[in-house]
Amino acid sequence: MAAFGGEKWLNDLPNHTIFKCIREKLESEPNEREVAKNLTFCLGGDLFVWDYADSVFYTTNLRQLNTDGSPERYQTLLCINPPLFEVSQVLLSPTQHHVALVGQRGVSVLELPQRWGKKSEFEGGRERINCKTTPVAERFFTSSPSVNLRQASWYPSEADEPHLVLLSSDNTIRLYGLKSPQTPAKVLSLSQSEDGSSGVHPPVRSYAASLGEIAVAFDFGPASSAPRQLAAQYAKDQMLYPLYILYENGETYVSYTSQANGVTLRKPVGPLPMYPAAEDNYGYDACAILCLPCIPSILVIATETGTLYHCVVMDSEEEEETGAVEKWIRDPAAVPALYVFECVELELTLKVATGEDEEPPESDFTCPIRLHRDPLCQYRYHCTHEAGVHSVGLIWVNKLQKFLQSDEEEKDSLQELAADKRCIVEHILCTRPLVTSQSAPIRGFLIVSDLALGATMICITSAYECVMLPLLSSIRPPSPPLLCSRSAPGLGSSPLRGLADDSFEQHIRNILVRSSTNPLMLKAGDKDTSPPPPECLQLLSRATQVFREEYILKQDMAREEMQRRVKLLTGQKKKQLEELTLCREERKSLTETAERLADKYEDAKYRQETILNRVKKVLYSLQSQLPILSNSEKDMKKELQTISDQLKHLDNYIRQVKMKMEYQKTQVDKDSTTARTTVSLNAHQKKVVQDVLREQGQQIGDMLKQLKDIKNHFSF
């Protein structure tokens, strides 16, 4: 793969100096326990890898690997008080200022140093930095050699002081704050005895362990308001974090926690009823639980046999709660119900057939499974275990949310949803192909959440080799539709679209969905030595079978489906062409008919106008022959007589005006001859005379104009 832009770090990271240094120490210390660990995490664009030999963190910036300058640069974070136990997991706090170093015999918290400088490196870019390290519950684990730590997690709130939640093998959850790391802030007993005392003797614990009544895992759910049964005990705006506790026998309990005035832990209630009910209570040997942060919450329960149960958390019926909850808890708090939506079987080791016609034998291989959330998609999670890595995507969550938000009363649609849509499981990495193979569990697993670097899964193998794989691309949050993809309501659609809700493309995708894949295989031990020939033959046969059944066979099915689709569309096209020809002929005949009708219309219109003119003439002649005048004619006659009288008066006025004009002209001529000799006018007098003459001239002109209009109007 070529290194273009943001892909350069994908080529440089596997050959980074960090992994070379750790591999050198690994070769000198080959007696490490073969257990699954997670010794790496990512903070923004910084990758952190824990070196168990020197008890230090190596960190490098992945963004700087894309640049040309100093690609091998890294920083070393030293522990002032290094942990005395073997670290199996590192956890970043919600505030991203502390890292918990978790082992079976203790917990230590490392405080990350400050950043400054041009590249925002730790302490300006120093190569070796001393970091404050605080042991948590050190006194307790030292004084209790028989107690081991089962799980550790940060309290999810970011508001107050960071707290660590520890689940120990004595069936107790303890909560520690960093201000007093040796004294637990809260202690919650998980014993199912009637008295609920935490001081359980070892024989009692052994009996409880044999019955599976030991808590093995827990997880926090998303923050929510208080349930209706607890609403009176909390403020309206106070948010609670449900704590789901999983027991080895498969039972799940819930405890509601809050951080209003310090962290409070309520007594757990349960077991939560699971529907539909099963005789084996959905299996035993439960080992991990994960709450996906979606609405409604989805619990993932994993067993050591590789079985995953996807349970939808919803409120249960009042009648159904009463009998199941009062088993050992008499708390009237709300108890939700778990509705098992589906069950998934992970292929821990590869299932291979010993003969051609034989089915793959059932494997009795078991191992603990760890569940990891995906920071980029809330509908996806990942499973890591001794035999490899699986990715699981829940593609039915969106339809389930639509079903719950709708007002439909038909429950059959939900069953159809469960039958049609299943989750997608991909076997990403296989570190133990067969049960007889040597174990090589991974040492680190993380998802790069920086979108500038690309969505990438990073796995650190047992030999501290960095393997980067693409994420499951079939699962992603739904994107909003484009404007150009929305069809207008008036446009017609194909009748074939009404046959199914999904498109044909989605139908082909459903056919090509693979239930089994060929993962990337990693071999434990010496790289130069090859596995035994029978093992190679079994793996080759299994890979060939998967390619034949999951690739070639399904591609043939998709090809046949497309051929049927093409045949159907060809028949529809032929039929539509015939209908189009008929439509063209009908359009031609309609055009000719329209032309004939247009000619007839013009002829009828001409005849109608002729008849109307004849009718008008007839009516006019009839009206003129009547001996009596009509009202209109009488009014016209009166108006004409009035106009005639007015004309006579105007004629008299005109004669008088003409006489006056001749008289004025005679006087003006006389005055002009006398004025030339004797009269001389000044400027003011001239102006007055001119104004008078101009005014009289305008009056005369107006009178002439009126006279002319009257003559024209009456043709007089």
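Description of the environment of V335
At step 1: Here V335 is to be found in the loop between α5 (318-325) and β25 (336-345).
At step 2: What makes V335 buried here is its relative accessible area of 3%.
At step 3: For the pair V335 and P227, spaced 108 residues apart in sequence, the C-alpha to C-alpha distance is 9.2 Å.

Some remarks on the pairing of strand β30 (residues 444-448)
At step 1: Within β30, five of the five residues are buried, which leaves the element mostly enclosed by the surrounding structure.
At step 2: Every second residue of β30 is oriented toward a common face, with G444, L446 and V448 on one face and F445 and I447 on the other, all of them buried.
At step 3: Here five bridges tie β30 to strand β31 (residues 456-460), and the two strands are oriented antiparallel to one another. Its bridge partner lying in β31, L446 is registered against I458.

A word on the nonpolar core
At step 1: Ranked by internal contacts, the top residues of the largest apolar core, which has 42 residues, are W9, L13, W50, F57 and I458.
At step 2: With 30 residues, the next largest nonpolar core counts L290, V344, L348 and L400 among its residues.

Quick notes on the sheet that holds strand β6 (residues 98-103)
The pairing of strands in a sheet comes from backbone hydrogen bonds and takes either a parallel or an antiparallel form.
At step 1: The four strands are arranged β5-β6-β7-β11 in an open sheet whose pairing can be described as antiparallel. Edge strands, defined here as strands with exactly one partner in the open sheet, are β5 (87-92) and β11 (133-136). On average, each strand axis in the sheet is inclined to that of its neighbour by 25 degrees, with strand direction left out of account.
At step 2: As defined by bridge partners, strand β7 (residues 106-111) adjoins β11 across four bridges and the pair is classed as antiparallel. Paired with L110 across the bridge in β11 is T133.

Observations regarding unusual backbone geometry
At step 1: Cis peptide bonds are those with omega within 30 degrees of zero, and the linkage from Y275 to P276 qualifies with -10 degrees.
At step 2: Among the structural elements, P276 can be located in the loop between β21 (274-275) and β22 (286-292).
At step 3: The omega torsion across I295 and P296 is -5 degrees, close enough to zero to call that bond cis.
At step 4: Mapped onto the secondary structure, P296 falls in the loop between β22 and β23 (298-303).
At step 5: A positive phi is found at Q96, a non-glycine position, where the angle reads about 65 degrees.
At step 6: Mapping Q96 onto the fold places it in the loop between β5 and β6.

Considering the packing of aromatic side chains
At step 1: Counted by the stated rule, this structure contains 13 aromatic pairs.
At step 2: When the ring of F41 is compared with that of F48, the centres are 4.5 Å apart and the planes differ by 5 degrees; the resulting orientation is stacked.
At step 3: Look at F41 and F57: their rings are 5.7 Å apart centre to centre, the planes differ by 85 degrees, and that puts the pair in the edge-to-face class. Linking F41 in strand β1 (residues 40-43) with F57 in strand β3 (residues 56-61), this pair joins segments that are 16 residues apart in sequence. By the burial criterion, F41 is buried, and F57 matches it.
At step 4: Directly above the ring of F122 sits R115, whose terminal nitrogen or CZ lies 4.1 Å from the centroid.

Some words on the side chain of R380
At step 1: Considering the arrangement of structural elements, one finds R380 in strand β27 (residues 380-385).
At step 2: For R380, a relative accessible area of 5% corresponds to the buried category.

Some remarks on the pattern of salt bridges
At step 1: If you walk through the whole model with that rule in mind, you get 14 salt bridges.
At step 2: Salt-bridge contacts for D46 lead to R115; the nearest nitrogen and oxygen are separated by 2.6 Å. Of this pair, D46 sits in strand β2 (residues 46-51) while R115 sits in strand β8 (residues 115-116); the two residues are 69 residues apart in sequence, bridging distant segments of the chain.
At step 3: With relative accessibility at 32%, the residue R115 sits in the partly exposed group.
At step 4: Ionic pairing is found between D556 and R559, a salt bridge with its closest N-O pair at 4.0 Å. Taken together, the positions of D556 and R559, both in helix α9 (residues 533-624) and three residues apart, correspond to about one turn of that helix.
At step 5: Judged by relative accessible area, which is 44%, R559 ranks as partly exposed.

Conventions we followed
Residues numbered from 1 in each chain as written. Predicted model: local features only at pLDDT ≥ 70, side-chain atom pairs only at ≥ 80, totals over all residues. Heavy atoms only, no water. Helix = DSSP H or I, 4+ residues; strand = E, 2+ residues; numbered from the N terminus. Buried < 20%, exposed > 50% of the residue type's maximum accessible area, 1.4 Å probe, protein only. Pairing = 2+ DSSP bridges. Core = buried A, V, L, I, M, F, W, Y, C linked by side-chain atoms within 4.5 Å. Axes fitted to C-alpha atoms, helices over the stretch in contact; angles between N-to-C directions. Phe/Tyr/Trp six-rings, centres within 6.5 Å; stacked < 30°, edge-to-face > 60°. Lys NZ or Arg CZ within 6 Å of the ring centre and 35° of its normal. Salt bridge = Lys/Arg side-chain N within 4 Å of Asp/Glu carboxyl O.

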